[in-house]
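# Structural overview
Chain by chain, the residues:
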Amino acid sequence: MSKYYVNKFLFTVDRDPDYLKRYIEDPKSFVATWEQSIGPKLNDAERSTVHSLTDAERQALIDHDYVALFEMGAHFFLNLTMYIGIYDEPYLAKSGPLSFQREFAAKLQHWRDKDYPSVET
Amino acid sequence: MAQLVATLASTHHPFYLKATTMPPEQQMPQAPKWKRKIEAYRETLARTKPDILVMIGSDHFHQIFLDNCPQFLIGKAPRYDATFYNEEREFGIPKYVLEGDEEMSRFMHQHLMDQNFDFAFSNELKIDHSIICPIITVRPQNDLPVVPIYTNIFAPPLHSPKRFYELGRAIRKAIDDFPSDKRVAAIGTGHLSLELGGPRQFMETGPDPDFDRQAIEWLRAGDIDSILANVNHETMAKSGNATHGFLNFILMLGVAGPEGADYVDNLDLFHTMEAYFTWYPKEQAA
Ligand SMILES: [Fe+2]
């Protein structure tokens, strides 16, 4: 498991309008591209060989499955802001302000009185 | 020596600007009240006529990430760009450029190192909404140079409440010792109880209204002993997964010193308690 790498995915995609658009339009092929050429970048010149996604992490990212990502210990802020970036507008148009945020919370109710998965990396 | 003229500690709410500037018929019912409270709070800074702002905030994974993550960092640059693409997208906060004060940054960095705080530094720091929110609320004309300081309240392990308080005390000392006739205000933002990306997010109130009430009373009284006796990482997590932003309030109480606040206000918003505190140094209160 690589919480760090999942977080790196969320961090690099949320901050970049072009990556975000590709992740919305075709998550499966974008995640593959990310693993091949975006994730390994240490900087513009150097590549890192250290991290990789597990099958479960890859699937959760492809499925926009923020519940699974929460349960894997992805950072709560990155996990929220990433999927707000994708779903806030369509939910707003359909069901009003904060409807996506409330659905997000509702799907996590089984964690309500428990210790949440650690986000420490 | 420089003179600390005010210490401000408040929550930062990235939706304030949007909430109070959208067409009135679309605004939430509390928007006018929120705006009045912010404008009253702004006046607590304006009346002290500051020349420089020392601003304490926390990057939300905008420039700083887990590949290189400092606990405490000071900006040392002639200017600071502000607001990242995803903040504009999510919150509608525009771009800013803040003037820096390299001389004061350099002095404070050395002074804090001499006080055993191993500060990281940045000569090219882009500021995020933790520092732009208070510019929007308490100094919207953005006419003063800033010394930005970032704390890690986000990526565990985090420093203890006591360490945050001691850092506040050290920042105060560094301001007091800065050889200048400038008037300095210290402004920091954080959170009371807050949940983000978890089951208690965006409820009618913050995730722990009891903590919010208690925290406001502690800060009103300047009661650092009660804070340190009752607040730790476990209690903060129980109050909401992003409640660690309260550490910045503890830091600001360190800047002010263990004194009662001179101005306290708060506002219960839909998913969070807003709170606004100002301390004036006692030796000038008269
Ligand atoms: Fe924040």
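This report concerns the structure included in the present document. (Residues numbered from 1 in each chain as written. Chains lettered and ligands numbered in written order. Predicted model: local features only at pLDDT ≥ 70, side-chain atom pairs only at ≥ 80, totals over all residues. Heavy atoms only, no water.)

### Things to note about the overall build of chain B
Across its full length, chain B carries ten helices and ten strands. For chain B, the spread of C-alpha atoms along the three principal axes comes to 50 × 50 × 40 Å. Within chain B, the fraction of its 286 residues that count as buried is 61%. Counted over contacts in chain B with a minimum sequence separation of 6, partners at least 24 positions apart contribute 81%. By element, 50% of the accessible surface of chain B is carried by carbon and sulfur atoms, the whole surface being about 10800 Å². (Helix = DSSP H or I, 4+ residues; strand = E, 2+ residues; numbered from the N terminus. Buried < 20%, exposed > 50% of the residue type's maximum accessible area, 1.4 Å probe, protein only. Contact = heavy atoms within 4.5 Å. Areas by Shrake-Rupley, 256 points an atom, 1.4 Å probe, with all protein chains shown as cover.)

### Overview of the nonpolar core
Formed by 101 residues in total, the largest nonpolar core has its most connected members in A:Tyr23, A:Leu61, A:Tyr83, B:Val54, B:Met108, B:Ile171 and B:Phe246. With near-sequence residues (within four places) excluded, B:Phe246 lies in contact with B:His191, B:Leu192, B:Phe211, B:Ala215, B:Leu219, B:Ile227, B:Val231 and B:Met236. One finds B:Ala19, B:Met28, B:Met55 and B:Ala82 within the second-largest nonpolar core, a separate group that totals 39 residues. (Core = buried A, V, L, I, M, F, W, Y, C linked by side-chain atoms within 4.5 Å.)

### A closer look at the interface of chain A and chain B
Facing the 32 residues of chain A at the interface are 30 residues of chain B. Summed over both sides, the interface between chain A and chain B buries roughly 2800 Å², with carbon and sulfur atoms accounting for 64% of that surface. Three residues stand out in chain A for area buried against chain B, namely A:Phe76, A:Phe77 and A:Tyr116, and they jointly supply 23% of the buried area on that side. The interface formed by chain A and chain B holds one salt bridge in total. Between B:Arg89 and A:Asp14 there is a salt bridge, with the nearest N and O atoms lying 2.6 Å from each other. One can count ten residue pairs in polar contact (both at pLDDT 80 or more) joining chain A with chain B. (Buried area = accessible area lost by both parts, 1.4 Å probe. Salt bridge = Lys/Arg side-chain N within 4 Å of Asp/Glu carboxyl O. Polar contact = N/O pair within 3.5 Å; in protein donor to acceptor, adjacent residues only side chain to side chain.)

### Quick notes on the sheet that holds strand β1 (residues 3-11) of chain B
Residues and elements named next belong to chain B. Spatially, β6-β3-β7-β2-β8-β1-β10-β9 is the arrangement adopted by the eight strands of the open sheet, whose pairing is mixed. Every other strand in the sheet has two partners, leaving β6 (120-122) and β9 (263-268) as the edge strands with one partner each. Taken pair by pair, the neighbouring strands of this sheet meet at an average axis angle of 15°, ignoring direction. Note that strand β2 (residues 52-57) and strand β7 (residues 146-151) share five bridges and pair parallel. Pairing of Ile56 across the sheet is with Ile149, part of β7. (Pairing = 2+ DSSP bridges. Axes fitted to C-alpha atoms, helices over the stretch in contact; angles between N-to-C directions.)

Shape descriptors only; they carry no functional weight alone.
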